[in-house]
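# What the coordinates show
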Amino acid sequence: MRELIKLNAGFATIGQGAGPMMVTWKAGLFKNHGLDIDRPRIMGGAKGVVRGLMAGEIQFGNMAAPAPLRANLKGEADLVFLTGGINQQFILGRPGIHRWEELAGKKIGFVGDGGLNDALVKFVIDRLRAAGVEELRPEPVEPGGDKELEALLSGKCDAIVGTPPECIEAHRKGCAYLIDFAEFGLNYALGGIAARRDYVEQNPEITRKFIKAYVEGMHRYRTDRDFTIGVQAEYSGIADRSIAEETYDLTQPGMPPVPYPVVASLQTLIDFMSAELPEARNADAKKFIDDRFVRELETNGFIDSLASGRQ
């Protein structure tokens with residue numbers, strides 16, 4: 001019996017983005033590819049994933065892009081994205097607000113942790129100002145989907161950034177989808193699996209095993225609706241299965257069969273960050289990705305074999 005390689009992995013929050021990692025783990029695919037990984041850890045946000053990777057507490061992490069890009073640009077970390085992921089985001093308005101044009105002079109929830117919420121809030125304020133929507137301003141709210149939803153429904157703020165499954169509950173309570181970040185090319189793009197650059201360079205075979213398992217897990221996510229919904233409901237603590245079902249149905253159609261990091265979207269984010277982060281000026285997003293392992297799986301036929309069932 002072969003000896004498994006012990007590793008640790010983690011993810012930022014219990015939202016949809018962790019779905020492929022949790023499906024991979026729950027389906028036993030890491031073990032099938034020679035890795036012994038305990039249940040992936042919730043790291044308390046993207047900054048927690050960055051800290052965990054740099055400290056060696058975890059070797060692979062799933063997170064949205066703003067925190068690791070910022071840490072890289074400031075010289076606080078040296079992380080690379082190895083895959084893309086799923087990261088579907090919307091702006092939701094409180095009940096009574098139906099169009100983004102109504103956000104002039106209103107407040108949008110702002111977590112203030114340097115993560116994806118903050119980047120998207122700043123991004124949308126900038127874009128709406130350019131479209132003539134003035135004085136939309138950030139309003140501090142507590143982090144966490146339930147707390148952000150409470151702030152929206154109570155009127156503490158007029159809009160929030162939402163992601164499945166939390167945004168589905170908000171929509172059912174009368175909150176309209178005002179903006180889909182897919183309109184800016186940012187959905188299914190701003191996240192994925194990352195690792196320390198030096199760890200990848202020193203452990204290419206381990207990295208290869210992890211990415212192969214993860215790509216197989218993404219295929220399982222895309223093609224096994226019932227299994228994925230069950231995993232989503234379990235790790236997210238969703239009591240209402242219909243919310244897990246709607247999360248899957250919103251997320252699955254845009255998942256690419258070959259999960260490359262999306263350079264153009266990362267570059268859009270870096271260019272936007274350059275307004276307040278001098279280190280981001282003229283930075284090239286390609287510097288922060290290492291897609292060779294996904295590329296290998298595409299060129300050697302492994303991904304095609306998943307689709308055809310020839311494994």
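Parameters at a glance
The residue numbering used here restarts from 1 in each chain and proceeds along that chain's sequence as written. The predicted nature of this model means local features are confined to residues of pLDDT at least 70 and side-chain atom pairs, given and counted, to a pLDDT of 80 or more, with totals for whole chains, interfaces and linings taken over all residues. Side-chain metrics rest on all non-hydrogen atoms present in the structure, leaving aside hydrogens and water. Here the aromatic set is Phe, Tyr and Trp, taking the six-membered ring for Trp, and pairing holds for ring centres within 6.5 Å; pairs whose planes are under 30 degrees apart are stacked, those over 60 apart are edge-to-face, and all others are tilted. Helix and strand assignments follow DSSP, with helices taken as H or I runs no shorter than four residues and strands as E runs no shorter than two, numbered in order from the N terminus. Buried residues are those whose accessible area, probed at 1.4 Å on protein chains only, stays under 20% of the maximum for their type, while exposed residues exceed 50% and partly exposed ones sit between those limits. Each ring is checked for a lysine NZ or an arginine CZ that lies within 6 Å of its centre and within 35 degrees of its normal; such an atom marks a charge sitting over the ring. Two strands are said to pair when DSSP picks up at least two bridges between them. Here is how to tell: hold the view so the strands point away, follow the path from the first strand over the helix to the second, and if it runs clockwise the crossover is right-handed. Only heavy atoms matter for contacts: two residues are in contact if any of them lie within 4.5 Å across the pair. In this analysis, axes come from line fits to C-alpha atoms, helices being fitted only over the stretch in contact, and the angle between any two N-to-C directions falls in the range 0 to 180 degrees. Oblique is the label for every angle not falling under 35 degrees (roughly parallel), over 145 degrees (roughly antiparallel), or within 65 to 115 degrees (roughly perpendicular). Handedness of each helix crossing follows the sense of rotation of the near helix against the far helix: counterclockwise by less than a right angle gives left-handed, clockwise gives right-handed. Three classes are used: nonpolar for Ala, Val, Leu, Ile, Met, Phe, Trp, Tyr, Cys and Pro, charged for Asp, Glu, Lys and Arg, and polar for all others, with Gly counted as polar. Between N or O atoms, a polar contact is any pair within 3.5 Å; within protein, one atom must be a potential hydrogen donor and the other a potential acceptor, and residues adjacent in sequence are included only when both atoms are from side chains.

## Some details on the packing of aromatic side chains
Scanning all chains against the criterion turns up ten aromatic pairs. Both rings, one in Phe11 and one in Tyr235, keep their centres 6.1 Å apart while their planes meet at 75°; by these two values the pair is edge-to-face. Residue Phe11 is found in strand E2 (residues 9-11), and its partner Tyr235 is found in helix H10 (residues 225-236); the two are separated by 224 residues along the sequence. Across this residue pair, the class does not change: Phe11 and Tyr235 are buried. Each ring, one from Phe60 and one from Tyr199, has its centre 5.7 Å from the other, and the planes form 90°; the classification is edge-to-face. Of this pair, Phe60 sits in strand E5 (residues 60-64) while Tyr199 sits in helix H8 (residues 197-202), and the two are 139 residues apart along the sequence. Here the aromatic cluster, defined as three or more aromatic residues joined through ring pairs, consists of Phe30, Phe60, Tyr199 and Phe210. Its end group placed over the ring of Phe227, Arg220 keeps NZ or CZ at 4.0 Å from the ring centre.

## Brief notes about the pairing of strand E8 (residues 107-110)
Pairing of E8 with strand E9 (residues 137-140), which is carried by four bridges, proceeds in the parallel orientation. Bridge assignment links Ile108 to a residue of E9, and that residue is Pro138. The handedness of the E8 to E9 crossover, carried by helix H5 (residues 116-130), is right-handed.

## A word on the sheet that holds E5
Each strand in a sheet pairs with its neighbour through backbone hydrogen bonds, running either in the same direction (parallel) or in the opposite one (antiparallel). Strand order across the open sheet formed by five strands is E4-E2-E5-E12-E6, with mixed pairing between neighbours. Looking at which strands have only one partner, the edges of the open sheet turn out to be strand E4 (41-42) and strand E6 (79-81). Pairing of E5 with strand E12 (residues 191-196) involves four bridges; the strand directions are antiparallel. If you follow Asn62 over to E12, its bridge partner there is Ile193. The sheet contacts of helix H3 (residues 46-55) involve E2, E5, E6 and E12, and relative to E5 the element is tilted by about 155°. Against the sheet, helix H4 (residues 66-73) makes contact with E5 and E6, and its axis sits at roughly 105° relative to E5, the strand it touches most.

## As for the packing of H4 against helix H12 (residues 263-273)
At a minimum axis separation of 11 Å, H4 and H12 run at an interaxial angle of 60°. Judged on the interaxial angle alone, H12 and H4 are oblique. Of the two elements, H4 crosses H12, and the hand of that crossing is right-handed. Residues Pro66, Leu69, Arg70 and Leu73 of H4 pack against Leu266, Leu269, Ile270 and Met273 of H12. For the contact of H4 with H12, a count of residues per class yields seven nonpolar, no polar and one charged.

## Brief notes about helix H1 (residues 19-26)
Along H1, six of the eight residues are buried, which leaves the element largely enclosed by surrounding structure. By the burial criterion, the buried members of H1 are Gly19, Pro20, Met21, Met22, Val23 and Thr24. Its buried side turned inward, H1 meets E2, helix H2 (29-32), E5, E12, helix H9 (204-223) and H10. Just downstream of H1, Gly28 is the residue with a positive phi angle, here 75°.

## Let's talk about the environment of Asp240
Within the fold, Asp240 resides in the loop between H10 and helix H11 (241-251). Distance in space between the C-alpha atoms of Asp240 and Glu169 is 10.0 Å, their sequence separation being 71 residues. Among the polar contacts made by the side chain of Asp240, one reaches the side chain of Arg172 at a distance of 3.3 Å. Of note is the side chain of Asp240, whose polar atom sits 2.6 Å from the side chain of Ser242.

## Remarks on the environment of Ile238
Residue position: Ile238 is located in the loop between H10 and H11. Given a relative accessible area of 14%, Ile238 falls into the buried group. When residues no more than four places from it in sequence are discounted, the contact partners of Ile238 are Pro165, Gln232, Ala233, Ile243 and Ala244.

The values are spatial; any link to function lies outside them.
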